[in-house]
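So the chains spell out like this:
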Amino acid sequence: MGGVRDRRYAIRFPFAADVELIDLESGKQVEGVTSDISLGGCFVCANKQLPINARARMKLHRKGQTLEALVVVRIVKPRVGMGIEFFDLEQPNNELLANWIEELRRSR
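My aim in this report is to walk through the structure given alongside it, one point at a time. (Residues numbered from 1 in each chain as written. Predicted model: local features only at pLDDT ≥ 70, side-chain atom pairs only at ≥ 80, totals over all residues. Heavy atoms only, no water.)

## Digging into unusual backbone geometry
Then step 1. In this structure, P92 follows Q91 across a cis peptide bond, with omega equal to -5°.
Then step 2. Along the chain, P92 turns up in the loop between β7 (81-88) and α1 (93-106).
Then step 3. Positive phi, normally seen in glycine, also occurs at N53, with a value near 70°.
Then step 4. With respect to the helices and strands, N53 occurs in the loop between β4 (41-45) and β5 (55-62).
Then step 5. Positive phi outside glycine occurs at R79, with the angle close to 65°.
Then step 6. Tracing the chain through its elements places R79 in the loop between β6 (65-77) and β7. (Helix = DSSP H or I, 4+ residues; strand = E, 2+ residues; numbered from the N terminus.)

Okay, structure coming up:
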């Protein structure tokens, strides 16, 4: 069957935002910076990682705007970062995400 690459159904754009993650189970906090983003998730560069399949509350901060989402850690690259999938994105957060993606698409 297909690997992880096949799951990337959404186009990714280079995107830098400050990230705070809080593991819903352990309460562990991780801070980092996104390297890219899509409608389905993002990659977070961070020295510390959460385990694969960890569910977390994420806050992305960029240009005075904050996006909040519930996420799942899908990929872990030790000492590099984590591939994050958005699984619960409510208004106005999904609208903000769509606006960011639209901005990125136009500026290509």
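Structure shown, so let's carry the discussion forward.
## Things to note about α1
Then step 1. The end-to-end C-alpha distance of α1 is 20 Å, a good match for the 20 Å that 14 residues give at a rise of 1.5 Å each.
Then step 2. For α1, every residue scored as buried is listed here: N93, L96, L97, W100, I101 and L104. Relative to the axis of α1, the buried residues are bounded by an arc of 135° and lie together on one face.
Then step 3. Check the buried side of α1 and you find it contacts β1 (13-14), β3 (29-37), β5, β6 and β7. (Expected span 1.5 Å × (residues − 1). Buried < 20%, exposed > 50% of the residue type's maximum accessible area, 1.4 Å probe, protein only. Arc of directions from axis to C-beta. Contact = heavy atoms within 4.5 Å.)

## Some remarks on the pattern of salt bridges
A side chain of one charge can pair with a side chain of the opposite charge when the charged atoms of the two come close.
Then step 1. Taken as a whole and judged by the stated rule, the model has 4 salt bridges.
Then step 2. The partner of E102 in a salt bridge is R105, with the nearest N and O atoms 3.5 Å apart. Residue E102 and its partner R105 are located together in helix α1, separated by 3 residues, close to a single helical turn.
Then step 3. A single network of salt bridges, built from pairs that share partners, joins E102, R105 and R106. (Salt bridge = Lys/Arg side-chain N within 4 Å of Asp/Glu carboxyl O.)

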